[in-house]
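Geometric and topological summary
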Amino acid sequence: EPEVTQTPSHQVTQMGQEVILRCVPISNHLYFYWYRQILGQKVEFLVSFYNNEISEKSEIFDDQFSVERPDGSNFTLKIRSTKLEDSAMYFCASSGQGVGSTEAFFGQGTRLTVV
Amino acid sequence: KQEVTQIPAALSVPEGENLVLNCSFTDSAIYNLQWFRQDPGKGLTSLLLIQSSQREQTSGRLNASLDKSSGRSTLYIAASQPGDSATYLCACGRDDKIIFGKGTRLHILP
């Protein structure tokens, strides 16, 4: 069964460093998303991406964050200068037609720890 | 702004019982509602998706209902098993994002 794959599963980084979280969405999907979950809290929307551009973003997704689809298979989230409060589980998701129409499939997550 | 609430926050029931998890949402203008399962420290597994025009969906021992007008959804689990122990998340889809509830942490006692 097709699945969303995220790497690495766990990343530890020093405050102020840049990190790139990687995702391989399901191959025929067109809509891509990043969400995050701080320990013990809700899963929160960060950004949606369609047709090589951001279609929607939350107030969390500030100038420190960026997304990219560098080739036909990968979808990345970059955090330019990490803060302690960026420590969270980051989930990538994809859907065929956008979450308003079809089911969203999530990856297993990348646990980011900023020290 | 959409708010999704799940009650109870935690639930423990003996194995074999049927149970109901509740979800409420403040904005009824949703396109769909999705139930997910999350095991500790793991990702989100989609269980059921109900489109806004539908009233319910079933998959095996799971049945999810949707009442848009009252802003409610329920997830019914029949004949619970220890393997059902997990956190169950309710999420409303609209435009280009999903808004999640905080989840119900379910523990099935063997």
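Residues numbered from 1 in each chain as written. Chains lettered and ligands numbered in written order. Predicted model: local features only at pLDDT ≥ 70, side-chain atom pairs only at ≥ 80, totals over all residues. Heavy atoms only, no water.

**Let's talk about the overall build of chain B**
Scanning chain B for helices and strands turns up 0 helices and 11 strands. Walking chain B from its N terminus toward its C terminus, one meets helices and strands in the order β-β-β-β-β-β-β-β-β-β-β. A globule of 110 residues ought to have a C-alpha radius of gyration of about 13 Å, and chain B, at 13 Å, matches this closely. By principal-axis analysis of the C-alpha atoms, chain B measures approximately 40 × 25 × 20 Å. Counting the 110 residues in chain B, one finds 45% classified as buried. Taking as baseline every contact in chain B between residues at least 6 positions apart, the subset at least 24 positions apart corresponds to 54%. When the accessible surface of chain B is split by element, carbon and sulfur atoms take 49% of a total near 5,100 Å². Positive and negative charge centroids in chain B, built from 11 and 10 side chains respectively, lie 4 Å apart. (Helix = DSSP H or I, 4+ residues; strand = E, 2+ residues; numbered from the N terminus. Rg over C-alpha atoms; globule rule 2.2 N^0.38 Å. Buried < 20%, exposed > 50% of the residue type's maximum accessible area, 1.4 Å probe, protein only. Contact = heavy atoms within 4.5 Å. Areas by Shrake-Rupley, 256 points an atom, 1.4 Å probe, with all protein chains shown as cover. Lys, Arg positive; Asp, Glu negative; His and termini not counted. Charge placed at Lys NZ, Arg CZ, Asp CG, Glu CD.)

**Here we look at the pattern of salt bridges**
In the structure shown here, the tally under the stated rule is 5 salt bridges over all chains. Note that A:Glu56 is salt-bridged to B:Lys97, the shortest N-O span being 3.2 Å. Taken as a pair, A:Glu56 in strand 6 (residues 53-57) and B:Lys97 in strand 10 (residues 97-100) lie in two separate chains rather than in one. Take A:Glu56: its relative accessible area is 21%, and that puts it in the partly exposed class. (Salt bridge = Lys/Arg side-chain N within 4 Å of Asp/Glu carboxyl O.)

**A look at the interface of chain B and chain A**
For interface size, the figure often reported is the accessible area lost on association. At the junction of the two partners, chain B supplies 23 residues and chain A supplies 25 residues. The junction of chain B with chain A conceals about 1,900 Å² of combined surface from both sides, 50% of it contributed by carbon and sulfur atoms. Three residues, B:Leu44, B:Asp96 and B:Phe100, lead the burial of chain B against chain A; their summed loss comes to 30% of the area buried on that side. The tally of links from chain B across to chain A stands at 1 salt bridge. When contributions to the side of chain B that touches chain A are tallied by element, the ones reaching two or more residues are strand 4 (32-38), strand 5 (44-51), strand 9 (86-94) and strand 10 of chain B. Broken down by class, the residue content of the side of chain B that touches chain A amounts to 8 nonpolar, 9 polar and 6 charged. (Buried area = accessible area lost by both parts, 1.4 Å probe. Nonpolar A, V, L, I, M, F, W, Y, C, P; charged D, E, K, R; others polar.)

**Some points on the side chain of A:Thr110**
Tracing the chain through its elements places A:Thr110 in strand 11 (residues 110-114). With residues up to four places along the chain from it excluded, the contact list for A:Thr110 reads A:Gln6, A:Thr7, A:Pro8, A:Ser9, A:Leu21, A:Ala88, A:Met89 and A:Tyr90.

**As for the pairing of strand 6 of chain A**
Residue and element names in this part refer to chain A. Pairing of strand 5 (residues 43-50) with strand 6, which is carried by 4 bridges, proceeds in the antiparallel orientation. Each bridged residue has a counterpart across the sheet, and for valine 47 the counterpart in strand 6 is lysine 57. Counting the residues in the hairpin turn of strand 5 and strand 6 gives 2 residues, including asparagine 51, whose phi is positive at 55°. (Pairing = 2+ DSSP bridges.)

**Structural notes on the environment of B:Gly60**
All names here are of chain B. Examined against the element boundaries, glycine 60 turns out to sit in the loop between strand 6 (56-59) and strand 7 (62-67). Classification of glycine 60 by relative accessible area gives exposed; the value is 72%. The spatial distance from the C-alpha of glycine 60 to the C-alpha of glutamate 17 is 15 Å, given a sequence separation of 43 residues.

**Observations regarding the sheet that holds strand 7 of chain B**
Residue and element names in this part refer to chain B. What the 5 strands build is an open sheet, ordered 1-3-8-7-6; its pairing is antiparallel. Both outer strands of the open sheet, strand 1 (4-7) and strand 6, are each paired with one neighbouring strand and no more. Here the strands of the sheet are splayed against their neighbours by 15° on average, with no regard to which way each runs. (Axes fitted to C-alpha atoms, helices over the stretch in contact; angles between N-to-C directions.)

**A word on the packing of aromatic side chains**
This model, assessed by the stated rule, comprises 12 aromatic pairs over all chains. Ring plane angle 45° and centroid distance 6.5 Å describe the contact between A:Tyr33 and A:Tyr35, whose orientation is recorded as tilted. Overall, A:Tyr33 belongs to the buried group, its relative accessible area being 0%. Taken together, a centroid distance of 5.8 Å and an interplanar angle of 80° make the contact between A:Tyr35 and B:Phe100 edge-to-face. With A:Tyr35 in strand 4 (residues 31-37) and B:Phe100 in strand 10, this pair bridges two chains. By the burial criterion, A:Tyr35 is buried, and B:Phe100 matches it. Taken together, the ring pairs connect A:Tyr33, A:Tyr35, A:Phe45, A:Phe106, B:Phe36 and B:Phe100 into an aromatic cluster. (Phe/Tyr/Trp six-rings, centres within 6.5 Å; stacked < 30°, edge-to-face > 60°.)

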